[in-house]
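What follows is the residue order along each chain.
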Amino acid sequence: MLTGKQRSYLKSLSNGLDTTVYIGKNELTDTVLGEMADYLRVHELVKVKVQDNVDLPVKELANEAARALKAEYVQAIGRRFVLYKKSDEAPVIVLPR
């Protein structure tokens, strides 16, 4: 579970990130979850864009993806959301206490 300070820090890091994964009309497929997992494994932070043709609310998709990937929900703004998952291999991001 992230603290408020940690969440704020991750939000600031995500501002400079480009969107790397897109969720389309098929919503959270195994392929999309696999892309997110691969990106999280290397970078620990992923920014996802939900296309306009998706009917589910963005926060609902974000929470569902976080549960499936055992990641932490950071934020959702508009049609984008950010997830964080600490790498087991070589942590890249050092969170504040």
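Keep in mind that what you see is a predicted model, and the values were worked out from it rather than measured. (Residues numbered from 1 in each chain as written. Predicted model: local features only at pLDDT ≥ 70, side-chain atom pairs only at ≥ 80, totals over all residues. Heavy atoms only, no water.)

1. Concerning the overall build of the chain
Then, number 1: Helices and strands together make up the secondary structure of the chain, namely 3 helices and 4 strands.
Then, number 2: Along the chain, helices (α) and strands (β) appear in the sequence α-β-α-β-α-β-β when read from the amino end.
Then, number 3: Taking the principal axes of its C-alpha atoms as reference, the chain extends roughly 40 × 25 × 25 Å.
Then, number 4: Considering the chain as a whole, with its 97 residues, one finds that 36% of them fall into the buried category.
Then, number 5: Summing over all exposed atoms, the chain offers an accessible surface of approximately 5,900 Å²; the carbon and sulfur share of this is 48%.
Then, number 6: Averaging the coordinates of the 15 positive side-chain charges in the chain and doing the same for the 13 negative ones gives two points 8 Å apart. (Helix = DSSP H or I, 4+ residues; strand = E, 2+ residues; numbered from the N terminus. Buried < 20%, exposed > 50% of the residue type's maximum accessible area, 1.4 Å probe, protein only. Areas by Shrake-Rupley, 256 points an atom, 1.4 Å probe, with all protein chains shown as cover. Lys, Arg positive; Asp, Glu negative; His and termini not counted. Charge placed at Lys NZ, Arg CZ, Asp CG, Glu CD.)

2. A closer look at the side chain of Ser87
Then, number 1: Its location among the elements puts Ser87 in the segment after strand S4 (80–84).
Then, number 2: You can call Ser87 buried: its relative accessible area is 6%.
Then, number 3: A distance of 3.3 Å separates a polar side-chain atom of Ser87 from the backbone nitrogen of Glu89.
Then, number 4: Dropping the residues within four chain positions of it, Ser87 is found in contact with Arg41 and Glu44. (Polar contact = N/O pair within 3.5 Å; in protein donor to acceptor, adjacent residues only side chain to side chain. Contact = heavy atoms within 4.5 Å.)

3. Here's the deal with unusual backbone geometry
Then, number 1: The backbone of Glu44 sits at a positive phi, close to 70°, despite the residue not being glycine.
Then, number 2: Take Glu44: it is sitting in the loop between helix H2 (30–43) and strand S2 (45–50).
Then, number 3: Residue classification places Glu44 among the buried positions, given a relative accessible area of 0%.

Remember, this is a structural readout, not a statement about activity or role.
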